[in-house]
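Given next are the chains, with one letter for each unit.
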Amino acid sequence: MVTLIRKTAELVSARAPETSPVGFVPTMGNLHAGHISLLERALREFDTVYFSIFVNPKQFGPNEDFTRYPRTLENDLALIEASGAKFQGKRIIVYSPESSEVYPEGQGQTVEVLGVTTDLEGALRPGHFAGVATVVHRLFELVRPTVAYFGLKDYQQYLVIRQMVADLCLPVKIIGMPIVREPSGLALSSRNQYLSAEERQQGLVLSQTLRKIVDLIRTKRDLREAKALSAEALRDPRWNYLEIRDAETLSTDTRRSKNLTVLGVFQLGTTRLLDNMQVELP
Ligand code: AMP
């Protein structure tokens, strides 16, 4: 059963009498199979799942795509219903509020996570992670989830949320879910629809390059060739960055790392395609 809630007061009263454990999936909507994989994992683990759809203005910069970000609530609800139908007897509560419901006037609290936010997306999108941490913290306050599910697609965001939960001792477990890709390798993203057919083709460079770097790290057992390949790729100015980092800290110093993450952003026009792959060091 799927229930749609638009008002925070309704969400609070839906949740208030309950002490039972619930799963939570926060999204900005325009759902695809990546989002649905999070929902279905939550449905496997909980009888009640909260699912938020909110295009959070605080995480967009002044020249970013907040106004044109795709808002497709009806279609999203149909996808959620279809998933719900596979899980008889489970409850899905969709919270899709207006901005004023999430940030009532006078609600000025901001959550800023240090450390892992400074580099990469944090450097290129000032204020982005404060916007993300603030909304996720607010949603956690309202939903009080037992477990919250995030995609590893936004790997740095996943680390930021984990850091926030640790720093503030929030009573929620964070699960990172694998990236869902098209058969071509392109990671699913709501922003892929901004791409022309030609750009979609050009965008394959991103996952293909990450894959090559990961394979080189695996087979060569050191980073020299992987770093050389990365430096060669970076001659194409469409890369915002392409980095091999420690998977836990995002540090550039990987000498003691057990797991690495290879992160890249490849830009086509104004669309920034974001992807990453993890590799265990042999
Ligand atoms: P968004 O609506 O883009 O804010 O994404 C909501 C959640 O879905 C985030 O935790 C994302 O990391 C996750 N997500 C987005 N795309 C994918 C994907 N291709 N595979 C897995 N998770 C994803």
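Preceding block: the structure.
In this report, we go over the structure that sits alongside the text.

1. A word on the overall build of the protein
And step 1. If you tally the helices and strands in the protein, you get ten helices and nine strands.
And step 2. On C-alpha atoms alone, the protein measures out to a radius of gyration of 19 Å, which is about the 19 Å that the 2.2 N^0.38 rule sets for 282 residues.
And step 3. Considered along the principal axes of its C-alpha atoms, the protein spans approximately 55 × 40 × 40 Å.
And step 4. Burial status across the protein gives 54% buried among its 282 residues.
And step 5. In the protein, 71% of the contacts between residues at least 6 apart in sequence involve partners at least 24 apart.
And step 6. Positive and negative side-chain charges of the protein, numbering 34 and 33 respectively, have mean locations separated by a distance of 4 Å.

2. Topic: the sheet that holds strand β2 (residues 23–27)
And step 1. Spatial ordering of the open sheet is given by β1-β4-β3-β2-β5-β6, a layout of six strands whose pairing is parallel. The outermost strands of the open sheet, each flanked by one partner alone, are β1 (2–5) and β6 (173–177). Across the sheet, the mean angle from the axis of one strand to that of its neighbour is 25 degrees, orientation sign disregarded.
And step 2. As paired strands, β2 and strand β5 (residues 147–151) are joined by two bridges and run parallel to one another.

3. Some words on the site of the ligand
And step 1. In the vicinity of the ligand, 16 residues are found, and the nearest of them are Met 28, Gly 151, Asp 154, Val 180 and Leu 188.
And step 2. Measuring from an oxygen atom of the ligand, one finds a backbone N or O atom of Gly 151 at 2.8 Å.
And step 3. Separating a nitrogen atom of the ligand from a backbone N or O atom of Leu 188 is a distance of 2.9 Å.
And step 4. Considered on its own, the ligand offers 490 Å² of accessible surface; in the complex 92% of this is hidden by protein.
And step 5. Looking at the shell around the ligand, the elements with two or more residues in it are β2, α2 (33–45) and β5.
And step 6. Per-element accounting of the shell around the ligand gives the leading share, three residues, to α2.
And step 7. Split by residue class, the shell around the ligand holds nine nonpolar, five polar and two charged.

4. Quick notes on helix α3 (residues 73–85)
And step 1. Taking 1.5 Å as the rise per residue, α3 with 13 residues should run 18 Å; its terminal C-alpha atoms sit 18 Å apart, in good agreement.
And step 2. Every buried residue of α3 is accounted for by Asp 76, Leu 77, Ile 80, Ser 83 and Gly 84. Looking straight down α3, one finds that the buried residues subtend no more than 120 degrees of arc, so they occupy a single side.
And step 3. Residues of α3 that are buried make contact with β1, α2, β3 (48–53) and β4 (91–95).

5. Structural notes on the pairing of β3
And step 1. Counting buried residues along β3, six of its six residues qualify, which places the element largely inside the surrounding structure.
And step 2. Taking every second residue as pointing to the same face, both faces of β3 are buried, with Thr 48, Tyr 50 and Ser 52 on one and Val 49, Phe 51 and Ile 53 on the other.
And step 3. Across five bridges, the pairing between β2 and β3 is parallel. Looking at β3, one finds that Gly 23 is bridged to Val 49.
And step 4. This β-α-β element, β2 to α2 to β3, shows right-handed connectivity.
And step 5. Two elements, β3 and β4, share five bridges in a ladder whose sense is parallel.

Reading the values: the criteria
Every residue gets a number counted from 1 within its own chain, in the order that chain's sequence is written. In keeping with the model being predicted, local features are shown solely for residues with a pLDDT of at least 70 and side-chain atom pairs are shown and tallied solely at 80 or more, while totals for entire chains, interfaces and linings include all residues. Think of the side-chain values as coming from all heavy atoms in the structure, minus any hydrogens and water. Only runs of H or I of at least four residues qualify as helices and only runs of E of at least two qualify as strands under DSSP, and these elements are numbered from the N terminus. Radius of gyration here uses only the C-alpha atoms, and the compact-globule reference equals 2.2 Å multiplied by the residue count raised to the power 0.38. Type-normalised accessible area, obtained with a 1.4 Å probe on protein chains alone, sets the label of each residue: buried when under 20%, exposed when over 50%, and partly exposed for intermediate values. We call two residues in contact whenever any of their non-hydrogen atoms come within 4.5 Å of each other. For the purpose of counting charges, residues Lys and Arg are taken to be positive, whereas Asp and Glu are taken to be negative. His and the chain ends are not included. Just so you know, the charge point we use is NZ for Lys, CZ for Arg, CG for Asp and CD for Glu. Criterion used throughout: strands pair if DSSP finds at least two bridges between them. With axes taken as lines fitted to C-alpha atoms, and helix axes fitted only over the stretch in contact, angles between N-to-C directions fall between 0 and 180 degrees. Here a residue is near a molecule or strand as soon as one of its heavy atoms is found within 4 Å of it. For the purposes of these results, a polar contact is taken to be a pair of N or O atoms within 3.5 Å, where, inside protein, one atom must be able to donate a hydrogen and its partner to accept one; residues adjacent in sequence count only when each atom of the pair is a side-chain atom. For accessible areas, the Shrake-Rupley method is used with a probe of radius 1.4 Å. Any residue's cover is judged against the shown protein chains and nothing else. Three classes are used: nonpolar for Ala, Val, Leu, Ile, Met, Phe, Trp, Tyr, Cys and Pro, charged for Asp, Glu, Lys and Arg, and polar for all others, with Gly counted as polar. To estimate how far a helix should reach, multiply one less than its number of residues by 1.5 Å. The arc in question is the one traced by the directions running from the helix axis out to the C-beta atoms. Orienting the strands away from the viewer, one traces the path from the first strand over the helix to the second; a clockwise path indicates a right-handed crossover.

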